[in-house]
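# Structural description and commentary
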Amino acid sequence: TLGGIKRRVSGYGITPPTVRYPAVAKLLNQWLLDNRPPGLMSDFVCTSININANYGAKIHRDGNNVGPSAIRAVGDFKGGELYYWAQDDKMTPLDQLHKSQAKKLNIKRRTEVFDGCRAHSVDPFEGERVSVVFFSCRNFPKVGAKN
């Protein structure tokens, strides 16, 4: 993860890869600005960027996100679409949600905007797949001005 996150043990802060490679975060943010997908506000701000290599997330809800997220996948792979339950009430147990209720988003073909606090998962895939997720961490002001 690049940017600010809630640490597992000591509050909020900037991740070590962000400190070591600040140009990567700047490059990815500029790419999103230059390739803004429909539905993403012109003043979209994210605090964090996840880069996932060959990771197929099971159905989940992001607990520390706020606002919209943007996601794109690249690589030589088949499958790997994002299932997104846009009508998720955020309270129904995840095992009671069915794929027939979800939108299937082809994030290899285009960048998509979604609410990470609603249920989502990755369809199984074959090949090399890297996804990039832009999101904002709840309580990001707690990262502090020095960071």
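Our subject is the structure that appears above.
Attention in this report is confined to the structure presented alongside it. Model, not experiment: these values are computed from the prediction.

### With respect to the overall build of the chain
Each helix and strand in the chain was counted, giving two helices and 11 strands. Relative to the compact-globule value of 15 Å for 147 residues, the chain shows a C-alpha radius of gyration of 15 Å, a close match. Expressed along its principal axes, the backbone C-alpha trace of the chain runs to roughly 45 × 35 × 30 Å. Burial statistics for the chain: of 147 residues in total, 39% are counted as buried. For the chain, the share of sequence-separated contacts (at least 6 apart) that also reach a separation of at least 24 residues comes to 80%. Computed over 22 positive and 13 negative side-chain charges, the separation of the two mean positions in the chain equals 7 Å.

### Side note on the pairing of strand β1 (residues 2-6)
The pairing of β1 with strand β3 (residues 48-53) spans two bridges and is classified as antiparallel. Residue G3 lies in a different strand from β3, and its bridge partner there is S48. Summarising the sheet, β1 and strand β2 (residues 12-14) pair through three bridges and their orientation is antiparallel. Across the sheet, the residue bridging to I5 is G13, located in β2.

### Remarks on the side chain of T111
Summarising the element assignment, T111 is placed in the loop between β7 (103-105) and β8 (112-114). A distance of 3.2 Å separates a polar atom in the side chain of T111 from a polar atom in the side chain of R72. The residues touching T111, leaving out its near neighbours within four places in the chain, are W31, L32, P37, A70, I71 and R72.

### With respect to unusual backbone geometry
The phi angle at N54 is positive, at roughly 55°, despite the residue not being glycine. Residue class for N54 comes out partly exposed when judged on its relative accessible area of 38%. Even without a glycine there, the phi angle at K90 is positive, about 70°. The class for K90 is partly exposed, based on a relative accessible area of 40%.

Definitions and cut-offs
- Residues numbered from 1 in each chain as written.
- Predicted model: local features only at pLDDT ≥ 70, side-chain atom pairs only at ≥ 80, totals over all residues.
- Heavy atoms only, no water.
- Helix = DSSP H or I, 4+ residues; strand = E, 2+ residues; numbered from the N terminus.
- Rg over C-alpha atoms; globule rule 2.2 N^0.38 Å.
- Buried < 20%, exposed > 50% of the residue type's maximum accessible area, 1.4 Å probe, protein only.
- Contact = heavy atoms within 4.5 Å.
- Lys, Arg positive; Asp, Glu negative; His and termini not counted.
- Charge placed at Lys NZ, Arg CZ, Asp CG, Glu CD.
- Pairing = 2+ DSSP bridges.
- Polar contact = N/O pair within 3.5 Å; in protein donor to acceptor, adjacent residues only side chain to side chain.

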